[in-house]
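# Breakdown of the fold
Here are the chains, one letter per residue:
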Amino acid sequence: MSLPVSTTELTPLMFLERSATVYPDRTAIVYNDRTMTYAAMARAATRLARALAASNIGPGDRVAYLCPNIPEMLIAHFGVPLAQAVLVAINTRLSPDEIVYILNHSGATVLVGDTELLARLEPVLDQLSTVSEIVSIDDGSGPVGFETLRYETFIDRGSDDPLPWRVTSELQPISINYTSGTTGRPKGVLYSHRGAYLNALGEIIHSQHSPESVYLWTLPMFHCNGWCTTWAVPAIGGTSVCLRAVDAGEIWKLISERGVTHLNAAPTVLIGMANHPDAAPVDGTFVITTAGAPPSPTLIGQLQDLGATIVHMYGLTETYGPHTVCEWQPEWGELDSQERSKMMSRQGV
């Protein structure tokens, strides 16, 4: 059934369409010595979608990714749904048995993985019941010990022929995220195009993003799709700085060299940053959004002394990541630093 002309189905795909049109030459992704403009990112997502279609991936099919925070992982958040498929971003820290469970439970037919992470699955490959093709991304770790299709070969199946950045229903799933750290088996949570679209806009508002944002990927893209920041930063036209592994020294180096203005991280990561020998006050915009376990007042004070604006959120996999935010209250500005940090460490509104 066709939609009324007054109705537009909401989808994060429109975010990349817009940024590639409005900011075609702006840097979308930085990773080591690689850079990619928004126009190039849109082409890469289109080529991925076309490659998936050439592999008989169609509407509703599950495509799993087992990757660290590398450009291919970010592109997948647009390329997979552009093929009308559903992204399953898998926690890279899980055991091989847990990963196999997620692949089978989600019904993933294609697995795209980093070679270092894929190598761990060799002993359990015979337990895969739905995956028919494994695609490997060699990010410097070398080949895996079993046969896979190289990512470059896989992408060559695609083309740059445009696809519509639209969906027929905003309620169709865009991704399935699996809980971790809970009792029992990981539980799959469906995210819709509409929910991802709206939560991404919420991220832009509460994390104070702008087209000048330079966002450092310390938060895993596999976790609630990076709290929907995988869609939020491209929506506003900011720059994503990819980081393969969390290292406090490397974080401070990238903050200095790349002019990082934003990052999201759990308190454990922030403790390592605050206490690192290279920690130094940041001039200009520096917004840290934190969630998970509540940050201590001491940690908040340390980060503020380094020039950070702290946005304290809390969320669940079932709520697209961020769900509540400890909103700044004007009267807190009259408190001393210790009392102010204590108020900011509270979770929820």
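Let me begin by describing the structure that accompanies this report. (Residues numbered from 1 in each chain as written. Predicted model: local features only at pLDDT ≥ 70, side-chain atom pairs only at ≥ 80, totals over all residues. Heavy atoms only, no water.)

When two helices pack together, their arrangement is given by the angle between the helix axes and by the axis-to-axis distance. Two elements in contact, helix 12 (residues 297-305) and helix 13 (residues 337-344), have axes separated by 8 Å at closest approach and are oriented at 115°. The pairing of helix 12 with helix 13 is recorded here as roughly perpendicular in orientation. For the pair helix 12 and helix 13, the crossing hand works out as right-handed. Across from Pro297, Ile300, Gly301 and Gln304 in helix 12, the residues of helix 13 making contact are Ser341, Lys342 and Met344. Classifying every residue of the contact of helix 12 with helix 13 gives three nonpolar, three polar and one charged. (Axes fitted to C-alpha atoms, helices over the stretch in contact; angles between N-to-C directions. Helix = DSSP H or I, 4+ residues; strand = E, 2+ residues; numbered from the N terminus. Parallel < 35°, antiparallel > 145°, perpendicular 65-115°, else oblique. Left-handed = near helix turned anticlockwise from the far one by under 90°. Contact = heavy atoms within 4.5 Å. Nonpolar A, V, L, I, M, F, W, Y, C, P; charged D, E, K, R; others polar.)

Okay, the environment of Pro162 next. Among the secondary structure elements, Pro162 is positioned in the loop between helix 6 (151-155) and strand 8 (173-178). Exposure remark for Pro162: the relative accessible area of 70% places this residue in the exposed category. Separated by 115 residues in sequence, Pro162 and Arg47 have C-alpha atoms that sit 8.9 Å apart. If sequence neighbours within four positions are ignored, Pro162 has contacts with Thr46 and Arg50. (Buried < 20%, exposed > 50% of the residue type's maximum accessible area, 1.4 Å probe, protein only.)

With that settled, the discussion passes to the packing of aromatic side chains. Under the criterion given, the structure shown has six aromatic pairs. Pairing Tyr151 with Phe154 gives two aromatic rings, centres 6.4 Å apart and planes at 45°, and the pair type is tilted. Of this pair, Tyr151 and Phe154 both sit in helix 6, three residues apart, which is roughly one turn of the helix. Comparing Tyr151 with Phe154, the two get one shared label, buried. Ring geometry for Trp252 against Phe286: centres 6.4 Å apart, planes inclined by 55°, an arrangement best described as tilted. Residue Trp252 is located in helix 10 (residues 248-258), and its partner Phe286 is located in the loop between helix 11 (267-274) and strand 13 (287-290); the two are separated by 34 residues in the primary sequence. (Phe/Tyr/Trp six-rings, centres within 6.5 Å; stacked < 30°, edge-to-face > 60°.)

Here we take up helix 1 (residues 13-22). Residues Leu13, Met14, Phe15, Leu16, Ser19 and Ala20 constitute the buried set of helix 1. Buried residues in helix 1 make contact with helix 2 (38-54), helix 3 (71-82), helix 7 (193-206) and helix 9 (229-236).

Along the polypeptide, His209 turns up in the loop between helix 7 and strand 10 (214-216). Residue His209 is classed as buried on the basis of its relative accessible area of 8%. Polar contacts involving the side chain of His209 include one to the side chain of Ser213, which spans 3.1 Å. Once you skip the residues sitting within four places of it in the chain, His209 turns out to touch Glu203, Ile204, Tyr215, Thr229, Val233, Ile236 and His262. (Polar contact = N/O pair within 3.5 Å; in protein donor to acceptor, adjacent residues only side chain to side chain.)

Time to look at the pattern of salt bridges. All told, the structure shown has nine salt bridges when counted by the stated rule. With its nearest N and O atoms 3.5 Å apart, the salt bridge here joins Glu152 to Arg150. A relative accessible area of 42% means that Glu152 is categorised as partly exposed. Each of Asp114, Glu116, Asp139 and Arg244 takes part in one network of salt bridges that share partners. (Salt bridge = Lys/Arg side-chain N within 4 Å of Asp/Glu carboxyl O.)

So, on to the nonpolar core. In terms of nonpolar packing, the biggest core is built from 73 residues, with Met41, Leu48, Tyr65, Tyr151 and Phe154 touching the most fellow members. A per-element tally of this core places helix 2 first, with nine residues. Formed by 28 residues, the second largest nonpolar core is a distinct cluster that contains Leu243, Ile255, Val260 and Cys326. (Core = buried A, V, L, I, M, F, W, Y, C linked by side-chain atoms within 4.5 Å.)

Right, let's get into helix 10. For helix 10, the set of buried residues is Ala248, Gly249, Ile251, Trp252, Leu254 and Ile255. Residues of helix 10 that are buried sit in contact with strand 10, strand 11 (239-241), strand 12 (262-265) and helix 11. The N-cap of helix 10, judged by a side-chain oxygen 3.1 Å from the amide nitrogen of Gly249 a few residues on, is Asp247.

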